[in-house]
Amino acid sequence: MSDMNNPTHIQTLIAGQWRDASGDVYSTEYPFDGRVVATLHAATVSDVDEAVRMAEAARLQSAWADLLPHQRAAFLHAIAAGIRARSEELAQLQMFDNGKPITECRGLVASAAGTFQYFAAVVETFEDAVTPPRGEFMSISMHEPLGVVGAITPWNSPIASEAQKLAPALAAGCAVVIKPAEITPRMAIELARIIDAAGVGMGAGGADIPKALVSVLPGKGGVVGDALVRHPLIRRIAFTGGTTVGKGIATLAAEKLMPVSLELGGKSPTIVCADADLEHAVAGVLYGIFSSSGESCIAGSRCFVHASVYDAFKARLVSGAKALRVGNPASTNTQMGPLISAAHRNAVERYVALGLSEGGKLLCGGARPARLAEQDVSNANTDVACEQGYYYLPTIFEGLSNTATLCREEIFGPVLALIPYADDADLIAQCNDNDYGLASGIWTKDYQHALKLGKALQTGTVWINTYKVFSIATAFGGVKNSGMGREKGYASIMAYMTQKSFYWGLSKQPNPWSRS
Ligand code: NAD
């Protein structure tokens, strides 16, 4: 368990060695009170080159390349077991990295273990195809690993984002170089430690899985991430992060004709229909926007409410938001922790000021809390944390049109816009009038109506009478500026594979073309 009073110096796994990266030292802080919790060195462009070259060599070693699918599955199961064995410690580290409430961090760790377990099942059951022949031959479509892939992740849910890239990539037989967000490097490093330990004796013939198969390169996106994307031996980039960075990566990838998956930002609408169960809708909308303090790509940040229930819904929603427990992430009572950093809170505050200048009316929040909720964590001074941590209250606006900046741009914070709508045509037009298309939610008792609305919404995920629930077996991703490609689901393993076709001649006669 990490000692919160003394920063830990962390080394990382680069090209098969646990060591400091070659760049400058920097520190990470706990957003609860701004305390430095870890120091580490940033990677350099030459670290990227070394890690990628060694990963390419590692993936071709027979200890990895000759593993049969069920043996790769056993390795993935060992990783899942390694995560579970350290689950509480990992949840704590995740909390110190980004300030998410501990209950949420525990959920993320459990989901990461489940992700490795799921892709173990996928690789063990994945089938190549003997395709229908059109002549005297047998035709076979086989899948091969793409090679070394790069995984670039953001700071909001590191262990889940990283597992969703590592697990299918390893299942497919690839090697992986991870570039975690600069400020939240610890989960990727701990995952590498678990993978390293799980690999002992798990390679073909009982050899160890090559240590250089997975590297973790912390540091700046514009340096380390950029070098990773450009490296000639990188065959694919799996990216989760902001839309601007994602588009830049896609542009570079186009130069290399390299596939990418882009899990980007969102401005997700949630819809409260006239017949919605208001108790469920209020609970779901609050959870959709304010869990993770709104630092969630799928945050339901635009809430469209049918005019006939607008006032009743608004009253219940605002009273629910005011009652949310904003507090110490280490407490299991806490619903909202701090934002990730002072800079990010400043950005959220700028959006709130803009919302007011655009004619919005604040229904609640719009400020830093004066004090934090009483918590059951004895050794934490919540008054100090309230001063020094990056807290912001759950904030609800009304009176903004769907075209206001606050309703168009991703804030990535606890800010909701409440918008009444008149009828379905008006609703769908407003929901879809946005550059993003990640997720949406619908609250109604009419299942036929729900399906009709869901089909009309331009989003990658539609939640009906629920929000922010997930299954690793269900594909996830966005449309429009929310990205391209999908993570999760059985088919996602194929994103890390390339197809090779074999034709196997069976004719006893020579090719008739050569006959004289
Ligand atoms: P970001 O785009 O700033 O950074 C994401 C990652 O990209 C980081 O590791 C960063 O260092 C790296 N990076 C930055 N510039 C780079 C470059 N030029 N080349 C290569 N890599 C570079 O995003 P963030 O602020 O860390 O995360 C918040 C964003 O992530 C939000 O927009 C959010 O919606 C999005 N997100 C999307 C999903 C999803 O699944 N759709 C999930 C979580 C977060």
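Please read all numbers here as calculations on a predicted model, not as lab measurements.

Topic: the pattern of salt bridges
Using the criterion set out here, one finds 19 salt bridges in the structure. For glutamate 104, the salt bridge is made with lysine 100, and the minimal N-O distance between the two is 2.9 Å. Take lysine 100: its relative accessible area is 5%, and that puts it in the buried class. With a shortest N-O distance of 3.2 Å, glutamate 398 and lysine 314 are connected by a salt bridge. With glutamate 398 in strand S16 (residues 395-398) and lysine 314 in helix H11 (residues 310-322), the pair connects residues that are 84 residues apart, well separated along the chain. The pair formed by glutamate 398 and lysine 314 is uniform in burial state, with each residue classed as buried. Residues joined in a network through salt bridges with shared partners are Arg86, Glu89, Glu190 and Arg193.

Here we look at the nonpolar core
One finds Phe116, Leu170 and Phe313 to be the most contacted residues of the largest nonpolar core, which totals 132 residues. Among the elements that take part in this core, helix H5 (residues 102-125) stands out by supplying 12 residues, more than any other. If you count residues domain by domain, this core takes at least three from each of domain 1 (14-264 + 482-501) and domain 2 (269-464). With 26 residues, the next largest nonpolar core counts Leu339, Val352, Phe397 and Cys407 among its residues.

Examining unusual backbone geometry
Even without being glycine, serine 293 reaches a positive phi, approximately 55°. Inspection of the secondary structure puts serine 293 in the loop between helix H10 (278-290) and strand S14 (302-306). Despite not being glycine, lysine 488 has its phi angle at roughly 70°, a positive value. Structurally, the position occupied by lysine 488 is in the loop between strand S22 (483-484) and strand S23 (497-505).

Comments concerning the sheet that holds strand S15 (residues 361-364)
Ordered by their spatial adjacency, 7 strands build an open sheet running S15-S16-S17-S14-S13-S19-S20, and the pairing between neighbours is mixed. Edge positions in the open sheet fall to S15 and strand S20 (461-464), since each of these has one partner strand only. For this sheet, the mean angle separating the axes of adjacent strands, direction not counted, is 25°. Looking at chain direction, S16 and strand S17 (residues 415-421) are connected through 4 bridges and run parallel.

Here's the deal with the site of the ligand
Lining the immediate environment of the ligand, one finds 26 residues, of which Thr153, Lys179, Gly242, Leu264 and Glu410 sit closest. Taking tryptophan 155, its side chain carries an N or O atom lying 3.1 Å from an oxygen atom of the ligand. For the ligand, the accessible surface in isolation is 850 Å², of which the surrounding protein chains cover 82%. For the shell around the ligand, the secondary-structure elements that each account for two or more residues are helix H8 (221-230), strand S11 (234-240) and helix H9 (243-256). Per-element tally for the shell around the ligand: the top contributor is H8, with 4 residues. Here the residues of the shell around the ligand sort into 13 nonpolar, 9 polar and 4 charged. Looking at the shell around the ligand, you find at least three residues from each of domain 1 (14-264 + 482-501) and domain 2 (269-464).

Criteria and thresholds
The residue count restarts for each chain, going from 1 along the sequence in the order it is written. Whole-chain, interface and lining totals are the exception, using all residues; otherwise, since this is a predicted model, local features are given only for residues with pLDDT of at least 70 and side-chain atom pairs are given and counted only at 80 or more. The side-chain quantities take in all heavy atoms of the structure and omit both hydrogens and water. Salt bridges are defined as contacts in which a side-chain nitrogen from Lys or Arg sits within 4 Å of a carboxyl oxygen from Asp or Glu. Burial classes: relative accessible area under 20% of the type maximum marks a residue as buried, over 50% as exposed, and values in between as partly exposed (1.4 Å probe, protein chains only). Strands are runs of DSSP state E lasting at least two residues, helices are runs of H or I lasting at least four, and both sets are numbered from the N terminus onward. Among buried residues, those of type Ala, Val, Leu, Ile, Met, Phe, Trp, Tyr and Cys that are joined through side-chain atoms within 4.5 Å constitute a nonpolar core. Note that the domain bounds reflect an automated or database-derived domain assignment. Strand pairing is defined by DSSP finding a minimum of two bridges between the two strands. Lines are fitted to the C-alpha atoms to define the axes, a helix being fitted only along its stretch in contact, and any angle between axes, read from their N-to-C directions, falls within 0 to 180 degrees. It suffices for a single heavy atom of a residue to lie within 4 Å of a molecule or strand for the residue to be listed as near it. In the analysis that follows, any N or O atom pair within 3.5 Å is treated as a polar contact, provided that within protein one partner can donate a hydrogen and the other can accept it, and provided that, for residues neighboring in sequence, both atoms belong to side chains. The accessible surface values rely on the Shrake-Rupley method and a 1.4 Å probe; as for residues, cover is taken only from the protein chains in view. Throughout, the ten residues Ala, Val, Leu, Ile, Met, Phe, Trp, Tyr, Cys and Pro are labelled nonpolar, Asp, Glu, Lys and Arg are labelled charged, and all others, Gly among them, are labelled polar.

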